[in-house]
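Listed below are the residues making up each chain.
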Protein chains: 2
Amino acid sequence: MENAIRIGIVGYGNLGRGVEAAIAQNPDMRLVGLFTRRDPAGVKPLSGVPVYGMSELERFRSEVDVMILCGGSKDDLPQQGPQLAAMFTTVDSFDNHSAIPEYFAAVDAAAKAGKTIGMLSVGWDPGMFSLNRLYAEAILPEGATYTFWGKGLSQGHSDAIRRVPGVKGGVQYTLPVQEAMDQVRSGSNPTLSTREKHTRECFVVLEEGADAAAVKAAIVSMPAYFADYDTTVNFISEEELRQNHNTMPHGGFVIRSGQTNQGASKQVMEFSLKLDSNPEYTASVLVAYARAAHRLQQQGQSGAKTVFDVAPGLLSPRSAADLRKDLL
Amino acid sequence: MENAIRIGIVGYGNLGRGVEAAIAQNPDMRLVGLFTRRDPAGVKPLSGVPVYGMSELERFRSEVDVMILCGGSKDDLPQQGPQLAAMFTTVDSFDNHSAIPEYFAAVDAAAKAGKTIGMLSVGWDPGMFSLNRLYAEAILPEGATYTFWGKGLSQGHSDAIRRVPGVKGGVQYTLPVQEAMDQVRSGSNPTLSTREKHTRECFVVLEEGADAAAVKAAIVSMPAYFADYDTTVNFISEEELRQNHNTMPHGGFVIRSGQTNQGASKQVMEFSLKLDSNPEYTASVLVAYARAAHRLQQQGQSGAKTVFDVAPGLLSPRSAADLRKDLL
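Source: prediction; values computed, not measured. (Residues numbered from 1 in each chain as written. Chains lettered and ligands numbered in written order. Predicted model: local features only at pLDDT ≥ 70, side-chain atom pairs only at ≥ 80, totals over all residues. Heavy atoms only, no water.)

Describing the UniProt feature "domain: Meso-diaminopimelate D-dehydrogenase C-terminal" (unreviewed entry) in chain A
Line of reasoning, step 1. Per the UniProt record, the feature "domain: Meso-diaminopimelate D-dehydrogenase C-terminal" (unreviewed entry) sits at residues 123-277 of chain A.
Line of reasoning, step 2. Secondary structure content for residues 123-277 of chain A is 31% helix and 36% strand, and the end C-alpha separation is 13 Å. (UniProt positions renumbered as here; feature names shortened; annotations may be inferred. Helix = DSSP H or I, 4+ residues; strand = E, 2+ residues; numbered from the N terminus.)

Below, the structure written as structure tokens:
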């Protein structure tokens, strides 16, 4: 397509592969290249797009409209976000909620200096869930908002399990408690403890000779990760782990229960996701916001932006008149 | 509150009363007055706010920041929308979907000439449902979107019942078909006929001596309204109608089932509303968009706008930094 939006991907893990696949679904975009910290010769992208080292990024300043940053929030983005926003309009999925204000400030300064857009914390939480929390609270100022996650694979909790001595492998699923969701949907505005909202289910492969009871005790009592939850630990074979737990499903619910007319009427707004693939969905959101970021930059705007700053129409390849006619 | 956004309400039916109640939930807004086509002396607003005739509107040009138009889409808004947008920033719930392009053009011309914002078709459908159709399609370009309505009272279908000879009173509820929703949520992208998506349930009070079988036949065979649906007709007493069918509940579901990674992964996005009061919820959406319309006008923008054009952050009274910290 002529005048296609030219995209670069920085980092080629699950998220980067998801972005690569999502771009193929958007004919107004063209993937220019992948940028990796690994040896480019060792990376074989599915789409056959060229692979470059990070040192080559700068020479793409006039070849790439939007860089989609697919690195991690812990080690990669705090450095890459500001650094690349100085040169490119960027989109990332920075998801360390408590560090967002600080990260925003760093990206904002870089993007304003570079006259670019630094679109950050895009995905589903932060991202689509945040948007729904905002819409719901603005529309129903009297009420309470609840976020439930799952059923879904938690990467952080799976990693925590795998660090327990005696564990060879394992995964952890977060599950919302149906009863708590029903209470919220009824409009009763319950106060819910951590334990009442979610349960955790672990599937663990033991090292040979490991003590199952000790492993289980170590998991369920682990502070921050499991101690505050009702946790189930299932021991399975390596074969079963490989066959039945090799995908990354996730999802969840944002529910606001509010009152209008001096409490006379209950009004419930709910948004939910049921995802076969968490990274592929996150990637799809990143790609839609790459379109919006490019348009904002073309309008002459600059600085850090979040999903809260983007008019929804900018996400779609369709014209405003088309959207009003077909979707309004 | 100093610098409160000064609101006027045009039209004082169910929707106008809902707006009046919603403004009381938003401390950054102040209701200046109601404007009515009736004799102002005969209108007694709950909040005690002054009531004016329509002929007095013009002298409020510098007293009101946003006029919220609460008239009907059939007779009131096509005339009032452009007329008032020439003088005031306006928000309305114009919901005649097929006439939106024409209405948009008329309001746009008036608002541009008046240097105002004409925010139109705000509510839940059009409105929040439209937004969710747009987000879902932009994020998951390969897939299908389904809208289900109900369970809810349909004003138009209730009116149609009441026009049937022999009917003294009645209401109609639209219900989504659970099986169809389950199919959609499974990601199977079914093709659904009108009859497969919704059923209609009527509660009818007969005139004395009316023929129940004839009334039922007239209802279920009515073209456009009932003939394409499975319709149930229940005959009830006037007392039961008054006691059990005197509220205006509604709601519904927007579900998109999409595929990523060349069809390998199913991804389902769902938004739903469960409303005790349809007009009060619509009013709450109007009020949030009144805040946004005022801000756009203060930024120097003008012209017709829809929910697609409004960055979500503009809906909230909270600062952008606050929103990022608490809701992102």
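Okay, back to it.
Some remarks on empty space enclosed by the protein
Line of reasoning, step 1. Tallied over the entire structure, the rule returns 4 cavities of 30 Å³ or more.
Line of reasoning, step 2. Roughly 50 Å³ of internal volume is contained in the largest cavity.
Line of reasoning, step 3. Lining the largest cavity are A:Met128, A:Leu131, A:Asn132, A:Tyr135, B:Met128, B:Leu131, B:Asn132, B:Tyr135 and B:Phe271.
Line of reasoning, step 4. Listing elements by their share of the lining of the largest cavity, those giving two or more residues are helix H4 (128-139) of chain A together with helix H4 (128-139) of chain B. (1 Å grid on protein atoms, 1.4 Å probe; cavity = no way out; pocket = protein on both sides within 12 Å on 5 of 7 lines; lining within 4 Å. Points joined across faces, edges and corners; volume = space filled by probe spheres on them.)

So, helix H3 (residues 100-114) of chain B
Line of reasoning, step 1. With 15 residues, H3(B) extends 20 Å from end C-alpha to end C-alpha; this agrees with the ideal 21 Å at 1.5 Å per step.
Line of reasoning, step 2. Positive phi appears at B:Lys115, one or two residues downstream of H3(B), with a value of about 55°. (Expected span 1.5 Å × (residues − 1).)

Quick word on the pairing of strand S9 (residues 167-176) of chain A
Residue and element names in this part refer to chain A.
Line of reasoning, step 1. The buried count for S9 comes to 8 of 10 residues, which makes it a mostly enclosed element.
Line of reasoning, step 2. Pairing between strand S8 (residues 152-153) and S9: 2 bridges, direction antiparallel. Of the residues in S9, the one forming a bridge with Leu 153 is Tyr 173.
Line of reasoning, step 3. Across 9 bridges, the pairing between S9 and strand S10 (residues 198-206) is antiparallel. Opposite Tyr 173, over in S10, you have Glu 201 as the bridge partner. (Buried < 20%, exposed > 50% of the residue type's maximum accessible area, 1.4 Å probe, protein only. Pairing = 2+ DSSP bridges.)

A look at the relation of the copies chain B and chain A
Line of reasoning, step 1. For the pair chain B and chain A, the best superposition has an RMSD of 0.0 Å and corresponds to a rotation of 180° with a translation of 0.0 Å parallel to the axis. What the rotation and shift describe, once combined, is the action of a two-fold rotation axis.
Line of reasoning, step 2. Comparing interface residues between copies, 100% of those in chain B also lie at the interface in chain A; the contact surface is shared. (Least-squares fit on C-alpha atoms with pLDDT ≥ 70 in both. Contact = heavy atoms within 4.5 Å.)

Quick notes on the sheet that holds strand S14 (residues 303-305) of chain A
Residue and element names in this part refer to chain A.
Line of reasoning, step 1. Within the open sheet, the 7 strands sit side by side as S3-S2-S1-S4-S5-S6-S14. Their pairing is parallel. Looking at which strands have only one partner, the edges of the open sheet turn out to be strand S3 (51-53) and S14. The sheet shows a mean angle of 25° between the axes of neighbouring strands, direction not considered.
Line of reasoning, step 2. Examined bridge by bridge, strand S6 (residues 117-119) and S14 share 3 bridges and lie parallel to one another. Its bridge partner lying in S14, Gly 118 is registered against Ala 304.
Line of reasoning, step 3. Across the face of the sheet, helix H1 (residues 14-23) comes into contact with strand S1 (5-10), strand S2 (29-36) and strand S4 (66-69) while running at roughly 165° to S1.
Line of reasoning, step 4. Its contacts with the sheet place helix H10 (residues 278-298) against S1, S2, S4, strand S5 (89-92), S6 and S14, and it is angled at close to 155° to S5. (Axes fitted to C-alpha atoms, helices over the stretch in contact; angles between N-to-C directions.)

Some thoughts on the nonpolar core
Line of reasoning, step 1. With 160 residues, the main nonpolar core has A:Met128, A:Tyr281, A:Tyr289, B:Met128, B:Tyr281 and B:Tyr289 as its most contacted residues.
Line of reasoning, step 2. Sequence-distant contacts of A:Met128, defined by excluding residues within four places in its chain, comprise A:Gly123, A:Phe271, A:Tyr281, A:Val285, B:Tyr135, B:Ile139 and B:Met269. (Core = buried A, V, L, I, M, F, W, Y, C linked by side-chain atoms within 4.5 Å.)

Quick look at the interface of chain B and chain A
Where interface size is given, it is often the accessible area lost as the parts come together that is meant.
Line of reasoning, step 1. Counting from both sides, the interface comprises 63 residues of chain B and, opposite them, 63 residues of chain A.
Line of reasoning, step 2. Buried area between chain B and chain A, summed over both chains or domains, comes out near 5,600 Å², and the portion from carbon and sulfur atoms is 59%.
Line of reasoning, step 3. It is B:Gln25, B:Arg324 and B:Leu328 that lose the most area in chain B upon contact with chain A, and together they represent 14% of the buried surface on that side.
Line of reasoning, step 4. Across the contact surface, chain B and chain A share 2 salt bridges.
Line of reasoning, step 5. For B:Glu137, the salt bridge goes to A:Arg318, with nearest N and O atoms at 2.9 Å.
Line of reasoning, step 6. Where chain B packs against chain A, one counts 33 residue pairs in polar contact (both at pLDDT 80 or more).
Line of reasoning, step 7. Residue assignment for the side of chain B that touches chain A shows that the elements contributing at least two residues are H3, H4, strand S12 (250-260), strand S13 (265-275), helix H10 (278-298) and helix H11 (320-326) of chain B.
Line of reasoning, step 8. With 11 residues, S13(B) is the largest single contributor of residues to the side of chain B that touches chain A.
Line of reasoning, step 9. A breakdown of the residues in the side of chain B that touches chain A according to their chemical character gives 32 nonpolar, 17 polar and 14 charged.
Line of reasoning, step 10. Relative to S13(B), strand S13 (residues 265-275) of chain A is paired through 9 bridges, and the arrangement is antiparallel. The partner of A:Glu270 across the bridge, within S13(B), is B:Ser272. (Buried area = accessible area lost by both parts, 1.4 Å probe. Salt bridge = Lys/Arg side-chain N within 4 Å of Asp/Glu carboxyl O. Polar contact = N/O pair within 3.5 Å; in protein donor to acceptor, adjacent residues only side chain to side chain. Nonpolar A, V, L, I, M, F, W, Y, C, P; charged D, E, K, R; others polar.)

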